[in-house]
Amino acid sequence: MVQKLLESSDYVLQLLATQSFVKFTNIEEDTPSYHRRYDFFVSKFSSLCHCNMEDTEVRRKLRLAGLKGLQGVVRKTVSDDLQVNIWEKTHMDKIIPSLLYNMQDNRPLSLSADATDSSSSEEHNPAVLAEMCLREVTGRATFGNIKAVLQPVLKHLDNHELWVDNKFAIHTLKVIVFSIKSQYTYDVVQILLSHLDEHSKDQACIRTGMVSALSKIISIAAGEAVGPSVVGTVNSLLTHLRHSVDSRSQDEEHRFQEAVINTLGEFVQSLPDYQKIETMMFILSKVPVPDPDNAFRDGDVLVQNMLLKSLLKVGTKYTTVQLTATFQGPFIEPLLRISLAPDPVVRLIVQHILHTLIDRRGNLEKFMKPDLNIVNSDINIEKCSRQDVMFMKKSGQDLYMCVYNNLQFQNNRQENIEALLCTVCLLAVEVANEDVWIDVIRLALAIQEMACINNVLSEQRRCAIHAMVACIMNLVGYLLALPNVNQYVEQVIKLRQEDAPHLLPEIVIGDDGGSTTPPETGSTLSEVLLFDRNALAEAFRNHEHDVARLQLPFVPRQSSELVSVTRSISDLNSISVEVDSINSSPGIVRKHPEEEITVESLKKMMAEPLDVNKEAEEARRIQIVEKYRTATFEELIAEKSEAKMDQLQNKLNEIFGKLSASGGGHDLGRTPGSPNPSATKGDEYSKATCAPPLYEIRFPDLFVF
């Protein structure tokens, strides 16, 4: 009967039929009717939702009737798996577009509770009722039915070109994400990413709209992402970023790239810290590294730029607690390697990444521009932890070398030098340790020397480097709080203000060389205008500080040697050292086989009777017991130690012989500055060597109790 009324052309009968059907759907049945079909009702109610009658009031009533009818169909069928499967594609392709059509027509873009929960709005506004129905449908969807709901939504947005002006797309996706069960929210992101993959060849404006809509919901779903899901999402976004670099339409693609980077930042923001670190390491692994054998294409430089911007965006969402946890070996080593890229923009982005990750106390803004009055600023300094000190002992030299090598590039801009200065200042403040400050002084002196002897750099760049050194020395003197050191630094700065103001940061060095040409070049500067190591050492001595570390020169390494394992003394001149360390260790005895074990010896052992082996073992035992009963203590010691002493002495002679040959005739077996005992003592030295004191005698393990 209801079907007959719905087939009528009289809209009043259609409204009455809809009311009857809604009442029917609210009746709970004890035994469902499996033969009942709802295909006609889905089609009829969907057509009512698209009513376009000229009479506005009739159109509104019919659309409301169609929406209520679809709501009743869903409620009637979704609760029983034995009923008609409402999640089939044929049904969802009618239901979802009907709901979206009414939401789009005079839709409210607000998600306020008043607009969605008011019963009066439901009864009189098709847009509000359609949104309520969409929430109910998505809320009832299970894991296997999410795609059935989302595919018609994405298809509707594609067909009506709603991605460019994506307000409705964002609103619809938010409705779905907030309505769906929390454990399934991340599936919405994955389906949307797959849809973006399918449209990777579309116009940049369409893809930008998709990514922008994704950025609005991805932070909501990021909490449910675990393990491979995180890597898969990041990898998908980075893939689109790389493909965008090869496009010709730079303006549109640039907006798309910015949208991808922002989406990546929104996604990572809700992740735990350990996943943020893993994400940064994963992004860094995708950055192309220059190959010295092959030319670096412009496209690779753009890829570097985009991926490092993505890394920087992720870094802004991460808060460093311990430097050791942030700058792990697999992360800091490739990052410092990329910091020596030929492109100055890439090098600048790497320094910004370091700034973001090193700064933990909000000092970054204070060091963005070089300023000698920075000591008057409110610098936040706290005592560093032991973990930070260990980090600087392990990776500090690599960071210093990164700064030193970066300053030698001829294509450096003013921003590059300012960023390098900021990096050094942040390290000095974040790791407030005197050894670190001394190392920073050594680095500054090495940079100053490089600026004086490097004739390849322009005069403006060399003056900018001298100004950078002045800022570093001024800050370190303030951190050390030693009056004599501060007095010496202020003295040099005052002399520069009087005679060479172009060596101070107050003079802006432009990239176009438009600043005043300095009257002196770096190679002819007066020594009083430079910071002197001996004068600094004397200032430290006046405060009874050890200057041994300060006197050590900073030894630069080539770029290819950066972030490499330091060779130990055993690697010198490829000397092979094979000392029997196990025998020299107390409490460890190495057992050597009496004879070489071969197949023949094993066959012989199997063939011989057991009594023969037992007799030989017994005879050997009796011989050892008899020897230790009759021999003197000195004889036993001599027998045990003579062979080892000879072997060790021969090995030492061989090592020192190779060191002497490679050292140009110098005796490397003794400490520098000490007299040669063999040349002055003669036989007495030999006797002293052969007759060690009693406390140095190594007793055999047999006599140790």
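Anything mentioned here points back to the structure above.
Rules used throughout
- Residues numbered from 1 in each chain as written.
- Predicted model: local features only at pLDDT ≥ 70, side-chain atom pairs only at ≥ 80, totals over all residues.
- Heavy atoms only, no water.
- Helix = DSSP H or I, 4+ residues; strand = E, 2+ residues; numbered from the N terminus.
- Buried < 20%, exposed > 50% of the residue type's maximum accessible area, 1.4 Å probe, protein only.
- Contact = heavy atoms within 4.5 Å.
- Areas by Shrake-Rupley, 256 points an atom, 1.4 Å probe, with all protein chains shown as cover.
- Phe/Tyr/Trp six-rings, centres within 6.5 Å; stacked < 30°, edge-to-face > 60°.
- Lys NZ or Arg CZ within 6 Å of the ring centre and 35° of its normal.
- Axes fitted to C-alpha atoms, helices over the stretch in contact; angles between N-to-C directions.
- Parallel < 35°, antiparallel > 145°, perpendicular 65-115°, else oblique.
- Left-handed = near helix turned anticlockwise from the far one by under 90°.
- Nonpolar A, V, L, I, M, F, W, Y, C, P; charged D, E, K, R; others polar.
- Patch = residues over 30% accessible without salt bridge, like charges linked within 9 Å, V, L, I, M, F, W, Y side chains within 5 Å.
- Salt bridge = Lys/Arg side-chain N within 4 Å of Asp/Glu carboxyl O.
- Expected span 1.5 Å × (residues − 1).
- Core = buried A, V, L, I, M, F, W, Y, C linked by side-chain atoms within 4.5 Å.
- Arc of directions from axis to C-beta.
- Polar contact = N/O pair within 3.5 Å; in protein donor to acceptor, adjacent residues only side chain to side chain.

A. Representation of the overall build of the protein in the model. Counting secondary structure elements, the protein contains 32 helices and 0 strands. Looking at the protein as a whole, 43% of its 705 residues are labelled buried. Across the protein, the fraction of contacts at a sequence separation of at least 24, relative to all contacts at a separation of at least 6, is 74%. About 38,000 Å² of surface is accessible on the protein, with carbon and sulfur atoms providing 52% of the total.

B. Representation of the packing of aromatic side chains. Scanning the model with the defined rule gives 8 aromatic pairs in all. What links up through ring pairs into an aromatic cluster is the set Phe40, Phe41 and Phe45. Directly above the aromatic system of Phe256 lies the positively charged group of Arg207, at a separation of 4.6 Å from the ring centroid. Seen from the ring of Phe409, Arg347 lies directly overhead, with NZ or CZ sitting 4.1 Å from the centre.

C. Representation of the packing of helix H5 (residues 89-104) against helix H10 (residues 167-179) in the model. It is at 11 Å that the axes of H5 and H10 come closest, and there the two elements cross at 125 degrees. As judged from the angle between their axes, H5 and H10 are oblique. H10 is crossed by H5, and the crossing has right-handed handedness. Taken together, the residues of H10 that come into contact with H5 (itself represented by Leu100, Met103 and Gln104) are Phe168, His171 and Thr172. Grouping the constituent residues of the contact of H5 with H10 by class yields 3 nonpolar, 3 polar and no charged.

D. Spotlight on a nonpolar patch on the surface. Together, Val12, Leu13 and Leu16 make up an exposed nonpolar region whose accessible area comes to about 220 Å². Mapping Leu16 onto the fold places it in helix H2 (residues 11-25).

E. Focus on H10. With 13 residues, H10 extends 18 Å between its outermost C-alpha atoms, agreeing within 8% with the 18 Å of an ideal straight helix rising 1.5 Å per residue. The element H10 is largely enclosed, with a buried count of 10 among its 13 residues. Every buried residue of H10 is accounted for by Phe168, Ala169, Ile170, His171, Thr172, Leu173, Val175, Ile176, Val177 and Ser179. On its buried face, H10 sits against H5, helix H8 (126-140), helix H9 (146-159), helix H11 (185-198) and helix H12 (204-221).

F. Focus on the nonpolar core. Ile447, Met468 and Phe531 are the most contacted members of the largest nonpolar core, which has 174 residues in total. Once residues lying within four places of it in the same chain are set aside, the contact partners of Phe531 are Leu445, Gln448, Val469, Ala470, Met473, Tyr488, Val489, Val492, Ile493 and Arg496. With 7 residues, the next largest nonpolar core counts Cys452, Cys463, Ala500 and Leu530 among its residues.

G. Layout of the packing of helix H21 (residues 414-430) against helix H22 (residues 434-453). Between H21 and H22, the shortest axis-to-axis distance is 9 Å and the interhelical angle comes to 160 degrees. In terms of orientation, H21 lies roughly antiparallel with respect to H22. Between H21 and H22 the crossing geometry is left-handed. Across from Val424, Leu427 and Ala428 in H21, the residues of H22 making contact are Val436, Trp437, Val440 and Leu443. Taken together, the residues that form the contact of H21 with H22 break down as 7 nonpolar, no polar and no charged.

H. Summary view of unusual backbone geometry. A positive phi is found at Ala481, a non-glycine position, where the angle reads about 60 degrees. Topologically, Ala481 is positioned in the loop between helix H23 (459-480) and helix H24 (483-499). Even without a glycine there, the phi angle at Glu544 is positive, about 60 degrees.

I. Summary view of the pattern of salt bridges. With the rule as written, the count across this model stands at 18 salt bridges. A salt bridge links Lys276 to Asp273; the nearest nitrogen and oxygen atoms lie 4.0 Å apart. Here Lys276 and its partner Asp273 are both found in helix H15 (residues 273-286), 3 residues apart, which amounts to about one turn of the helix. In this structure, Arg442 and Asp439 form a salt bridge, with 2.9 Å as the shortest nitrogen-oxygen distance. Residue Arg442 and its partner Asp439 are both found in helix H22; the two are separated by 3 residues, about one turn of the helix. Like Asp439, Arg442 is buried.

J. Summary view of the side chain of Asp439. Take Asp439: its relative accessible area is 6%, and that puts it in the buried class. For Asp439, the residues in contact, after removing those within four places along its chain, are Gln397, Tyr400 and Arg549.

K. Here's a closer look at the environment of Gln497. Assignment of secondary structure puts Gln497 in helix H24. Owing to a relative accessible area of 48%, Gln497 belongs among the partly exposed residues under this scheme. The sequence separation of Gln497 and Leu529 amounts to 32 residues, and the corresponding C-alpha distance is 9.7 Å.

L. Representation of helix H25 (residues 533-542) in the model. All of the buried residues along H25 are Arg533, Leu536, Ala537, Ala539 and Phe540. End-on view of H25: buried residues confined to an arc of 160 degrees, all on one side of the axis. Among the structural elements, H22, H23, H24 and helix H26 (548-551) are those in contact with the buried residues of H25. A side-chain oxygen of the first residue of H25 lies 3.1 Å from the backbone nitrogen of Asn534; this N-cap is Asp532. Glu544, located one to two residues past H25, shows a positive phi value of around 60 degrees.

M. A look at the environment of Glu527. Among the structural elements, Glu527 can be located in the loop between H24 and H25. Distance from Glu527 to Val492, taken between C-alpha atoms, is 9.9 Å for residues 35 residues apart in sequence.

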